[in-house]
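# Architecture at a glance
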Amino acid sequence: MDQQAAPRSAPRRELLRRRRRVLVLGSAAVAAVTVVAVSIGFGETMAPREVPPASAASVDLLERAALAAAAEPLPTARPDQYAYVKVVGHTTVLSEAEGGAMQRLRQDAGMEQWTSVDGSRRTLQRKGGADQLLPEIPGKGSLNSPTYNFLAALPTDPDALLERIYEDAEADHGADSGSTTGPDQQAFVAIGDLLRSSTAPPAITASLYRAATRIPGVVAVPDAVDAAGRHGVAVARVHDGERTEWVFDKSTARLLGERTVLLEDNAWGKDGAVVASVAILDSGIVNKAGRTP
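Residues numbered from 1 in each chain as written. Predicted model: local features only at pLDDT ≥ 70, side-chain atom pairs only at ≥ 80, totals over all residues. Heavy atoms only, no water.

### Points about the environment of aspartate 80
Turning to its location among the elements, aspartate 80 is positioned in the loop between helix H2 (56–70) and strand S2 (82–96). The partly exposed category is assigned to aspartate 80, whose relative accessible area is 40%. Measuring from C-alpha to C-alpha, the distance between aspartate 80 and serine 120 comes to 8.5 Å, with 40 residues separating the pair along the chain. If we ignore the near neighbours within four places in the chain, the residues touching aspartate 80 are Arg121 and Asn287. At 3.0 Å, the side chain of aspartate 80 and the side chain of arginine 78 are in polar contact. (Helix = DSSP H or I, 4+ residues; strand = E, 2+ residues; numbered from the N terminus. Buried < 20%, exposed > 50% of the residue type's maximum accessible area, 1.4 Å probe, protein only. Contact = heavy atoms within 4.5 Å. Polar contact = N/O pair within 3.5 Å; in protein donor to acceptor, adjacent residues only side chain to side chain.)

Okay, here's the thing in structure tokens:
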């Protein structure tokens, strides 16, 4: 796409597929994000610091979530079926106004999506009542564009699964990548993306939760609210003045959604602002794209 034709705005969090994913963020928006990130100084190199292991409270909560996930029945998923997910929420956009000043805008992040179980057919996405077919998934699935079959083939051993996730994180966010995200934060983000935006076999979901307990810096937050207004308890990780939270039901330990909260003032908002939030309303396996469980 010609970058001069790109809209002069940039999503703060592409919650439904961050990094190289194509679920929401298009190539024009990627170009805009790059410009904005450089202009507000996110490209600065940060000195490494020792990060403590995941807190006991976060490990306990993630183990509860793993046990709850493992107890779910294994869905029947044929190659000709689709994995369905529905979310509501918002993200924050920086838009350049006349005169060069940047203004913050709230953008709807709600959508429904149908992904082919085996990746052989294009994904159908519905946003604002409009349907579109996304580009074909390369190689029938990856950590960035997962299919049900791809997820089903991942290791159920948490250490082996985390090693697989870190391989990807190190490649894009390791010491020589120039990224300030770092592999620990990226591993946490990648697991959150898989948990929130995909339908996976219960054993894999449980393994993802247990893999997250191995990531340094993970903590528990006693109260958090998802985009649907549901209160819960969260597992979170702080990076660069932001806290990424996975919100769980306090009673069942079921994942409700995810949000990003600012811990300091910056271009995206004031300390305490929720700059991105999504809530999972429904998910499952369906026979045809466009149908719901």
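### Considering the packing of aromatic side chains
Inspection of every chain in the model, using the stated rule, returns three aromatic pairs. Centre to centre, the rings of tyrosine 84 and tryptophan 114 are 5.1 Å apart; their planes meet at 40°, and the pair counts as tilted. Within this pair, whereas tyrosine 84 is found in strand S2, its partner tryptophan 114 is found in strand S4 (residues 111–116), the two being separated by 30 residues in sequence. Overall, tryptophan 114 belongs to the buried group, its relative accessible area being 0%. Taken together, a centroid distance of 4.2 Å and an interplanar angle of 5° make the contact between phenylalanine 188 and tryptophan 246 stacked. In this pair, phenylalanine 188 sits in helix H5 (residues 183–197) while tryptophan 246 sits in strand S9 (residues 242–248), placing the two residues 58 residues apart along the sequence. Across the pair, tryptophan 246 and phenylalanine 188 agree in class, each one buried. (Phe/Tyr/Trp six-rings, centres within 6.5 Å; stacked < 30°, edge-to-face > 60°.)

### Section: the nonpolar core
Of all hydrophobic cores here, the largest spans 39 residues; its most connected members are Ile191, Tyr209, Trp246 and Phe248. Sorting the residues of this core by element identifies H2, S2, helix H3 (148–152), helix H4 (158–173), H5, helix H6 (202–212), strand S8 (231–239) and S9 as the ones contributing at least two each. Non-local contacts of tyrosine 209, meaning those with residues more than four positions away in its chain, are made with Leu62, Ala65, Ala66, Ala69, Leu195, Phe248 and Leu255. (Core = buried A, V, L, I, M, F, W, Y, C linked by side-chain atoms within 4.5 Å.)

### A few points about the pattern of salt bridges
Enumeration over the complete set of coordinates arrives at ten salt bridges. A salt bridge links arginine 126 to aspartate 131; the nearest nitrogen and oxygen atoms lie 2.7 Å apart. Residue arginine 126 is classed as partly exposed on the basis of its relative accessible area of 24%. Residue aspartate 131 is classed as partly exposed on the basis of its relative accessible area, which comes to 43%. Across the pair aspartate 223 and lysine 250 runs a salt bridge whose closest N-O atoms are separated by 3.8 Å. Taken together, the residues span a long stretch of sequence, with aspartate 223 in strand S7 (residues 218–225) and lysine 250 in the loop between S9 and strand S10 (255–262) at a distance of 27 residues. Here the residues in one salt-bridge network are Asp193, Arg196 and Glu258, joined through shared partners. (Salt bridge = Lys/Arg side-chain N within 4 Å of Asp/Glu carboxyl O.)

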